[in-house]
Amino acid sequence: MAEKSSLLVLRLEGVLQSWGERAKWDDRDSASMPSKSGIVGLLACAMGLEREDPEITALSEAISVTVRADRPGIKAVDFQTITGDPLRTANGGKRSPGTIISKRIYLQDASFLVVIAADALWHDRIAAALKAPKWCVYLGRKTCVPSRPVLECEAPEEQDPLKLIRTYPAADRAVYPMTFETDIPLSQAASYTRPDERKPGWRSFERRMVWRGVIEEDSHVSDEN
């Protein structure tokens, strides 16, 4: 990614969201924060990129993502039954016959602020796609429809993603302390890895280092939204 980046601010809100990191056929989890792969998938849908398009990997490599949980949401569990003759795996292989009970995890009433840093070319492409999406966008899974336009605003180049995430107006009914997560290295912050960096190939991902911090209620976050 180029040194000089422009910022895009997204607001991810909906009745349900689900950001799977370790989803298998039977059990589909949701992380507590949107995954980078899920955000890249949302942008790719807006651009009309097919699943195997190499531009999706290029997009993932070109952007930096910082996320703030204004409302972390309430976890909900949905049990589904799956039947088929025969049942097949995601890549088309046959599974043993019988009914499968599948557990799906969702976040209810969550609101996340997402700051995307990208060079001017990618910034313009992403902004144009979010203003007029080619395909419907969704919040992690196709059943999770946004309840408002995803693109919040375009921020000036001189803004810093970490400053913006600490000062941008909070969502209605924000829950403090608010947690944020970034792939920009932070001192005095907890770090860990997430398996959500897109690689070339069929559903292929690698681990990404992220840092997590907390914003207290008496911080400089604006109450105007």
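Keep in mind that what you see is a predicted model, and the values were worked out from it rather than measured.

### Points about unusual backbone geometry
- The omega torsion of the bond from Tyr-176 to Pro-177 falls at -5°, within 30 degrees of zero and hence cis.
- Tracing the backbone through its elements, the reader meets Pro-177 in the loop between helix 4 (161-167) and strand 9 (178-182).
- The phi dihedral of Asp-109 falls on the positive side, at around 55°, and the residue is not glycine.
- Mapped onto the elements, Asp-109 comes out in the loop between strand 6 (100-108) and strand 7 (111-118).
- Phi is positive for Arg-173, close to 60°, though the residue is something other than glycine.
- Mapped onto the secondary structure, Arg-173 falls in the loop between helix 4 and strand 9.

### Things to note about the side chain of Arg-11
- With respect to the helices, strands and loops of the structure, Arg-11 is situated in strand 1 (residues 6-13).
- One polar contact links the side chain of Arg-11 to the main-chain carbonyl oxygen of Pro-169, over a distance of 3.1 Å.

### A look at the pattern of salt bridges
- Inspection of the entire model under this criterion finds 13 salt bridges.
- For Arg-194, the salt bridge identified is with Asp-196, shortest N-O distance 3.8 Å. Here Arg-194 matches Asp-196 in class, with each residue buried.
- A single salt-bridge network, built from bridges that share partners, covers Glu-181, Asp-183, Arg-194, Asp-196, Arg-208 and Arg-212.

Conventions and cut-offs
- All residue numbers refer to positions counted from 1 along the written sequence of the respective chain.
- Residue-level local features of this predicted model are given only where pLDDT is at least 70; pairs of side-chain atoms are given and counted only at 80 or more, and the full residue set underlies all totals for whole chains, interfaces and linings.
- Excluding hydrogens and water, the side-chain figures rest on all heavy atoms present in the structure.
- Helix numbers and strand numbers start at the N terminus; a helix is a DSSP run of H or I with at least 4 residues, a strand a run of E with at least 2.
- Under this definition, polar contacts are N or O atom pairs within 3.5 Å; protein pairs additionally need one hydrogen-donor-capable and one acceptor-capable atom, and for neighbouring residues in sequence, both atoms have to be side-chain atoms.
- Salt bridges are counted wherever a side-chain nitrogen of Lys or Arg sits within 4 Å of a carboxyl oxygen of Asp or Glu.
- Think of it in three bands: with a 1.4 Å probe and only protein chains considered, a residue is buried below 20% of the maximum accessible area for its type, exposed above 50%, and partly exposed in between.

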